[in-house]
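Reading the structure
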Amino acid sequence: MAAPWAGSRRPGRNFLFVPGPTNVPDRVQRAMVVPMEDHRSSSFPELTLPLFEDLKKVFKSRDGQVFIFPSSGTGAWEAALTNTLSPGDRVLASRFGQFSTLWIDLAQRVGLDVEIQDEEWGRGADPDRIEEALRADRDHRIKAVLVVHNETATGVTSDVGAVRRAIDAAGHPAMLYVDGVSSIGSIDFRASEWGVDCAITGSQKGLMLPAGLGIVCVSPRALAAAKTAECRRCYFDFADQAKANATGYFPYTPALPLLYGLRESMRCLFEEGLEQVFARHRFLADGTRAAVKAWGLTLCAQDPKWNSDTVSAIMVPEGINGAEVIDIAYRRYNMALGAGLSKVAGKLFRIGHLGDLNELMLLGALAGAEMAMCDAGIQIQPGSGVGAAQTHFRGATQTAEQRAAA
Ligand code: PLP
């Protein structure tokens, strides 16, 4: 039966629970409503120079240089590789989901020789295998190790600190490049501590903005490598950016409203406190995982150590098409869930729980997912997941006495 209000207008808000783009906070949205201005004016650097410094805090980088490109995250992938490597250079990359697959494809298409380590989808980068491959590379042909920190397609977070330790243990000089598109600003990321040479993100996830900024934080070592790297680049050239950025300008017209939005979104992150932001994501993710357990379903992540705090990829039972759950959620309940991509198409749906989000918003999504799953024929108890998440959320906010009395 159609909803009583089914018509051309859909009242209320669309529940956006894809793992990016995420909800843009109202104050960030307002900050982007600005008249256009001269990006070569003498006051323009007052907006831009602090952005670079604030982004370094988000990346937890002490000595890196941040570049902001008017692109999506894919552009930042390309910028990192083409500025620092030469055609034919070998890179070692773990592949365990759609985004690691796409990054490897891009690396191959810009002329790199990619040594691929396939892991089962649902697992993450394997530091032991990485160490082994680096030890075997006695003449140091591998120039960089590529890792996707949070594989958005499968809801898997890899241990980047462990990858750094693996590189060090092998005594190998390879640089470390990390895709933090769906982790940075939501899951702890430590560019300097982990020795990340290129850290990559986009604006539309943890930074709570529309898509349109591709951001790279580059270590001094990778910047030095850029001086001799021979991959073809023009639009994404670090040197052109660095020259203009030094005085607060860009080599071409910047995406002005997004820069104002970025200033405001970083204010949001710093007001809440980065560590608190990470804790909130863990808390909301734990509530989601409690719901999945109560439904009797499983995550694509094969071990709790891989669990992502920004996205849960939920396997649907045999004989059910995950795409149908997503379509029902969208058409019937005005809620957007993330699709299963490529190898896992139809086998799962994803709930993005990152960005500007609180318990009640997430409970709405869990309720919507329950209804869509029931409508699609999945045998779950309505309310079971919502109840489990409520218990989790209440438990963490109750005092010990309240818990004892409950
Ligand atoms: N890397 C990861 C982990 C992603 O989740 C995405 C997009 O969702 C990308 C890279 C590509 O970013 P974009 O779509 O902004 O180009």
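In this report, the structure presented in the accompanying data block is examined.

The rules behind these values
Residues numbered from 1 in each chain as written. Predicted model: local features only at pLDDT ≥ 70, side-chain atom pairs only at ≥ 80, totals over all residues. Heavy atoms only, no water. Helix = DSSP H or I, 4+ residues; strand = E, 2+ residues; numbered from the N terminus. Rg over C-alpha atoms; globule rule 2.2 N^0.38 Å. Buried < 20%, exposed > 50% of the residue type's maximum accessible area, 1.4 Å probe, protein only. Contact = heavy atoms within 4.5 Å. Areas by Shrake-Rupley, 256 points an atom, 1.4 Å probe, with all protein chains shown as cover. Lys, Arg positive; Asp, Glu negative; His and termini not counted. Charge placed at Lys NZ, Arg CZ, Asp CG, Glu CD. Near = heavy atom within 4 Å. Polar contact = N/O pair within 3.5 Å; in protein donor to acceptor, adjacent residues only side chain to side chain. Pairing = 2+ DSSP bridges. Core = buried A, V, L, I, M, F, W, Y, C linked by side-chain atoms within 4.5 Å. Axes fitted to C-alpha atoms, helices over the stretch in contact; angles between N-to-C directions. Parallel < 35°, antiparallel > 145°, perpendicular 65-115°, else oblique. Left-handed = near helix turned anticlockwise from the far one by under 90°. Nonpolar A, V, L, I, M, F, W, Y, C, P; charged D, E, K, R; others polar. Arc of directions from axis to C-beta.

1. A look at the overall build of the protein
A tally of regular secondary structure across the protein gives 14 helices and 13 strands. Over its C-alpha trace the protein gives a radius of gyration of 22 Å, about what one expects of a compact globule, namely 22 Å for 406 residues. Overall, the C-alpha framework of the protein stretches about 65 × 55 × 50 Å when taken along its three principal axes. Across the 406 residues in the protein, those meeting the buried criterion constitute 56%. Of all intrachain contacts in the protein linking residues separated by at least 6 positions in sequence, the fraction that spans at least 24 positions is 73%. Split by element, the accessible area of the protein, about 17,300 Å² in all, is 52% carbon and sulfur. Charge centroids of the protein, computed over 42 positive and 46 negative side chains, lie 2 Å from each other.

2. A few points about the site of the ligand
Neighbouring the ligand are Ser72, Gly73, Thr74, Trp77, Phe99, Asn150, Thr152, Asp179, Val181, Ser182, Gln204 and Lys205. Interatomic distance of 2.5 Å between a side-chain N/O atom of Ser72 and an oxygen atom of the ligand. Here a nitrogen atom of the ligand sits 2.6 Å away from a polar atom, N or O, in the side chain of Asp179. In the complex, 87% of the free accessible area of the ligand, which totals 390 Å², lies under the protein chains.

3. Focus: the pairing of strand E5 (residues 142–148)
Taking burial as the measure, the seven residues of E5 include six buried ones, the bulk of the element. Pairing of strand E3 (residues 90–95) with E5, which is carried by four bridges, proceeds in the parallel orientation. What sits directly across from Leu92, in E5, is Val145.

4. Thoughts on the side chain of Asn245
Mapped onto the elements, Asn245 comes out in helix H8 (residues 238–245). Here the side chain of Asn245 touches Tyr249 through a polar contact of 2.8 Å, landing on its backbone oxygen. Ignoring any residue separated from it by four or fewer positions in sequence, one finds Asn245 in contact with Leu49, Phe52, Val66, Phe67 and Phe250.

5. With respect to the nonpolar core
The biggest cluster of nonpolar side chains holds 85 residues, and the ones touching the most others in it are Phe59, Ile68, Val145 and Val216. The dominant element in this core, judged by the number of residues it contributes, is helix H9 (residues 256–272), at eight residues. Setting aside residues up to four positions removed in sequence, Phe59 forms contacts with Val66, Ile184, Phe189, Arg190, Ala191, Ala199, Ile200, Thr201, Ile215 and Cys217.

6. Overview of the environment of Asp303
Mapped onto the elements, Asp303 comes out in the loop between helix H10 (274–295) and strand E11 (311–315). Of the residues examined, Asp303 reaches a relative accessible area of 33% and is grouped as partly exposed. Along the primary structure Asp303 and Ala222 are separated by 81 residues, whereas in three dimensions their C-alpha atoms are 33 Å apart. A distance of 2.9 Å separates a polar side-chain atom of Asp303 from the backbone nitrogen of Lys305.

7. Some words on the sheet that holds E3
Judged by pairing direction, the sheet is mixed, and its seven strands sit side by side in the order E2-E10-E9-E8-E5-E3-E4 without closing on themselves. Sheet topology places strand E2 (65–69) and strand E4 (113–118) at the edges, where each strand pairs with a single neighbour. Going from strand to strand, the sheet's axes swing by 20 degrees on average, the running direction of each strand aside. Both strand E8 (residues 175–179) and strand E9 (residues 198–202) contribute to a ladder of three bridges, which runs parallel. The residue bridging Tyr177 from the neighbouring strand is Cys198, located in E9. Relative to E3, helix H4 (residues 98–109) is tilted by about 160 degrees, and along the sheet it contacts E3, E4, E5, E8 and E9. Across the face of the sheet, helix H6 (residues 160–169) comes into contact with E5 and E8 while running at roughly 165 degrees to E8.

8. Notes on the packing of helix H2 (residues 44–59) against H9
Between H2 and H9, the least distance of the axes is 10 Å, while the angle of their chain directions is 45 degrees. For the element pair H2 / H9, the angle class is oblique. Where H2 crosses over H9, the two elements pack in a sense that is left-handed. Contact residues: H2 offers Phe44, Leu47, Thr48, Leu51, Asp54, Leu55, Lys57 and Val58, while H9 offers Leu256, Leu259, Tyr260, Leu262, Arg263, Met266, Leu269 and Phe270.

9. Here's the deal with the packing of helix H11 (residues 322–333) against helix H12 (residues 359–375)
It is the contact of H11 with H12, at a shortest axis distance of 8 Å, that shows an interaxial angle of 115 degrees. Read as a crossing pair, H11 and H12 show a hand that is right-handed. Facing Val325, Ile328, Ala329, Arg332 and Tyr333 of H11, the residues of H12 in contact are Gly368, Met371, Ala372, Met373 and Asp375. Among the residues making up the contact of H11 with H12, the classes are represented as seven nonpolar, one polar and two charged.

10. What about H8?
Those residues of H8 not exposed but buried are Phe238, Gln241, Ala244 and Asn245. In an axial view of H8, the angular spread of the buried residues amounts to 140 degrees, which keeps them on one side of the axis. Along H8, exposed side chains directed more than 90 degrees from the buried face belong to Ala239 and Lys243. Tucked inside the fold, the buried residues of H8 contact H2, E2, helix H3 (73–84), strand E10 (214–218) and helix H7 (220–226). The backbone nitrogen of Ala239 lies 2.8 Å from a side-chain oxygen of the residue at the head of H8, namely Asp237.

That is the geometry; function is a separate question.
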